[in-house]
Amino acid sequence: LSVHKLCIIVPFRDRFEELLEFAPYMKTFLHNQAVQNEVWVVNQADKFRFNRAYLINVGFHESSPSCDYIAMHDVDLLPQNPDLLYKYPEKGPLHISSSELHPKYDYPTFLGGILLISRQHYAQVDGMSNKYWGWGQEDDEFYVRMRQAGISIDRPAGIRTGREGSFRHTHSSKERKRDNAKCYNQRNLTRRRDRQTGLAKTAFAYKVISKRQLVVDGAPVTFLDIHLECDRKMTPWCNCTGAPPDKNTPDRTRDDDVIVPLLPKKKKT
């Protein structure tokens, strides 16, 4: 039996249909790989905009210290190929849903979806930024933290199922609109690596409202209701309701701290 143990951290809000499928599916998938694991669902129960990275930081703090590595795992992405291995990432962080395999995102520095990382490496870069309220870019910021720390990211090798057959993406963007709003000066103030917030600051900046042990079709899940905190001086965009939309001139300068990926231009067909 492996000496390693995985804590799957699932940042969550309003996704019960996906969770009902995710928990038993992953139990079977990981049982077949003999991966010892626990599933921790970190549910954002406050009224602020969704903050995926902040929830993953909370999950790191709250989940079992007996896990020596974590999976940052979207609830709507299910691995279909049994060769996508969740075992301990010996070589360094393993991006399971790599840009070659993810059904939707294909830019080279993409780091979202599913990432396995040791507790040691996650703590080394002070986790993720807490500034990304709303949808997107928190994983691009995390990529810059890793790159600047000299931590290289491994990707699955020899997977032949490609974009079509490696994962099932259960999210319907028609039924659930992504929160793409930008207000105040959000765009420019989240354009560079965040050196103000991260894992260490998170420790004192959330409340566990409840902790439940659920079982979904035989699959155990620890379900946390969490209230995050918003520093309105630092990130007033934690709530864009009634706020001025971000109409500031976009900052297009580039340096080593810029997190916005340079996307290859799509060829017109």
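It should be noted that the structure appears before, not after, this text.
Model, not experiment: these values are computed from the prediction.

The rules we used
- Residues numbered from 1 in each chain as written.
- Predicted model: local features only at pLDDT ≥ 70, side-chain atom pairs only at ≥ 80, totals over all residues.
- Heavy atoms only, no water.
- Disulfide = S-S within 2.5 Å.
- Helix = DSSP H or I, 4+ residues; strand = E, 2+ residues; numbered from the N terminus.
- Buried < 20%, exposed > 50% of the residue type's maximum accessible area, 1.4 Å probe, protein only.
- Salt bridge = Lys/Arg side-chain N within 4 Å of Asp/Glu carboxyl O.
- Pairing = 2+ DSSP bridges.
- Right-handed = clockwise from strand over helix to strand, strands pointing away.

S.K.: Give me the lowdown on the state of the cysteines, citing residues and values where you can.
M.R.: Applying the stated criterion across every chain, the model contains three disulfides. Across the disulfide, Cys7 is cross-linked to Cys67 (sulfur-sulfur distance 2.2 Å). Disulfide Cys7-Cys67: the torsion about the S-S bond is 65 degrees, which places it as right-handed. Here the residue Cys7 occupies a position in strand β1 (residues 6-12), and Cys67 occupies one in the loop between α2 (52-62) and β3 (69-73), the gap between them amounting to 60 residues. Its relative accessible area of 0% is what places Cys67 among the buried residues. Paired by a disulfide, Cys183 and Cys240 hold their sulfur atoms 2.1 Å apart. Between Cys183 and Cys240, the disulfide has an S-S torsion of -85 degrees and is therefore left-handed. With a gap of 57 residues between them, Cys183 in the loop between β7 (167-169) and α6 (186-189) and Cys240 in the segment after β9 (219-228) connect regions that are remote in the sequence. Taken as a pair, Cys183 and Cys240 share a single burial class, namely buried. Within the protein, bonded cysteines paired by disulfides and numbered along the sequence follow the pattern 1-2, 3-6, 4-5.

S.K.: Can you break down the pattern of salt bridges residue by residue, with the values?
M.R.: The full count for this structure, using the stated rule, is 17 salt bridges. Beyond isolated ion pairs, a larger network of salt bridges with shared partners links Lys131, Glu141, Arg145 and Asp194.

S.K.: Now, about the pairing of β1: what can you tell me, with residues and values included?
M.R.: The buried fraction of β1 is high, at seven of seven residues. Residues Leu6, Ile8, Val10 and Phe12 line one face of β1 and the alternating positions Cys7, Ile9 and Pro11 line the opposite face, and both faces are buried. Summarising the sheet, β1 and strand β2 (residues 37-44) pair through seven bridges and their orientation is parallel. Residue Leu6 lies in a different strand from β2, and its bridge partner there is Asn37. The parallel pair β1 and β2 is bridged by helix α1 (residues 16-31), and the resulting crossover is right-handed. Judged from the four bridges that link them, β1 and β3 form a sheet pairing that is parallel. By the bridge assignment for β3, Ile9 is matched with Met72.

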